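# Observations on the model geometry
Residue-level listing of the chains:
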Amino acid sequence: SQTIHQWPATLVQPVGSPLSLECTVEGTSNPNLYWYRQAAGRGLQLLFYSVGIGQISSEVPQNLSASRPQDRQFILSSKKLLLSDSGFYLCAWSVGTGVLEPQHFGDGTRLSIL
Amino acid sequence: GESVGLHLPTLSVQEGDNSIINCAYSNSASDYFIWYKQESGKGPQFIIDIRSNMDKRQGQRVTVLLNKTVKHLSLQIAATQPGDSAVYFCAQEAEKLTFGTGTRLTIIP
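Residues numbered from 1 in each chain as written. Chains lettered and ligands numbered in written order. Predicted model: local features only at pLDDT ≥ 70, side-chain atom pairs only at ≥ 80, totals over all residues. Heavy atoms only, no water.

## Digging into the state of the cysteines
We apply this condition: Any cysteine sulfur atom paired with another within 2.5 Å is treated as part of a disulfide. In DSSP terms, a helix is any run of H or I states spanning at least four residues, a strand is any run of E spanning at least two, and both are numbered starting from the N terminus. When a residue's accessible area, from a 1.4 Å probe over protein chains only, is under 20% of the maximum for its type it is buried; when over 50% it is exposed; and in between it is partly exposed.
Applying the stated rule across the entire model yields two disulfides over all chains. Covalently, Cys-23 of chain A is tied to Cys-91 of chain A through a disulfide, its sulfur atoms 2.0 Å apart. Taking the torsion about the S-S bond as the criterion, the Cys-23 of chain A to Cys-91 of chain A disulfide, at about -75°, is left-handed. In this pair, Cys-23 of chain A sits in strand 3 (residues 19–26) while Cys-91 of chain A sits in strand 9 (residues 87–94), placing the two residues 68 residues apart along the sequence. A sulfur-sulfur distance of 1.7 Å marks the disulfide that ties Cys-23 of chain B to Cys-90 of chain B. Taking the torsion about the S-S bond as the criterion, the Cys-23 of chain B to Cys-90 of chain B disulfide, at about 50°, is right-handed. With Cys-23 of chain B in strand 3 (residues 19–25) and Cys-90 of chain B in strand 9 (residues 86–93), this pair connects stretches of sequence that are 67 residues apart. Taking the relative accessible area as the measure of exposure, Cys-23 of chain B reaches 1% and is therefore buried.

Spelled out as structure tokens, the structure:
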């Protein structure tokens, strides 16, 4: 069966510090991968998605970037964090494009910027 | 733009009763709809989905109803249990997945 892992579960970082959040998927090949941010009491905002290694699409211009160095690895990064980057970050995967299948989520990273 | 909204931000239900959570969507081109359950501190968990060529789909204790005429989606949970306490999101897929803001379901013992 497929599983998705995100780490760390919680992170406290000072303003201006770099960020690297990692997500890996097991049990499937060539998945679509997604990074979302969830603000308190709000829906999920899509940040980035990837349909293959090295292929990244950005949905919202911001202080963050994403990379996919391997088929089942998706990384969310920042060179300098802002206070507004605080939030709950979720990684998700789905079966490849053109198939109506749900996205499956990891358990997220709670990021607090001080 | 697309929007997906839920009718009520909170819902309290007596344990053992049925729960109905509603969702309205704006994009009539959506061909796929999903319900997720999110417990505190965790990621959304897939519950059930429905394609636009259907109006009803049943799972274990859950039923999703789709009314394309009024662009309305609902999730029915039978015999609600304490473990059903969570935030429930609907999502619609057109070119991308768009999520509602969620309904917090609280079970009264």
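## Concerning the interface of chain B and chain A
Filter applied, for reference: In what follows, a contact means two residues having at least one pair of non-hydrogen atoms within 4.5 Å. Throughout, the accessible surface (probe 1.4 Å) given up by two parts as they are put together, summed over both, is called the buried area. Put simply, a salt bridge is a Lys or Arg side-chain nitrogen that is within 4 Å of an Asp or Glu carboxyl oxygen. Polar contact is the term for a pair of N or O atoms within 3.5 Å; when the atoms are in protein, one must be able to donate a hydrogen and the other to accept it, and sequence-neighboring residues count only if both atoms are side-chain atoms. Ten residues, namely Ala, Val, Leu, Ile, Met, Phe, Trp, Tyr, Cys and Pro, are considered nonpolar, four, namely Asp, Glu, Lys and Arg, are considered charged, and the remaining ones, Gly among them, are considered polar.
The interface of chain B with chain A comprises 18 residues on the first partner and 18 residues on the second. Carbon and sulfur atoms supply 59% of the area that chain B and chain A bury against each other, a total of about 1400 Å² over both sides. When the buried area of chain B at its contact with chain A is split by residue, Tyr-32, Pro-44 and Phe-99 of chain B rank highest and sum to 29% of it. Applying the counting criterion to the chain B and chain A interface returns one salt bridge. Where Glu-59 of chain A meets Lys-96 of chain B, a salt bridge forms, and the shortest distance between an N and an O atom there is 3.2 Å. Between the two partners, chain B and chain A, sit five residue pairs in polar contact (both at pLDDT 80 or more). Looking at the side of chain B that touches chain A, the elements that each hand over two or more residues are strand 4 (32–38), strand 5 (45–51) and strand 10 (97–99) of chain B. With four residues, strand 4 of chain B is the single largest residue contributor to the side of chain B that touches chain A. When grouped by side-chain class, the residues that make up the side of chain B that touches chain A number eight nonpolar, five polar and five charged.

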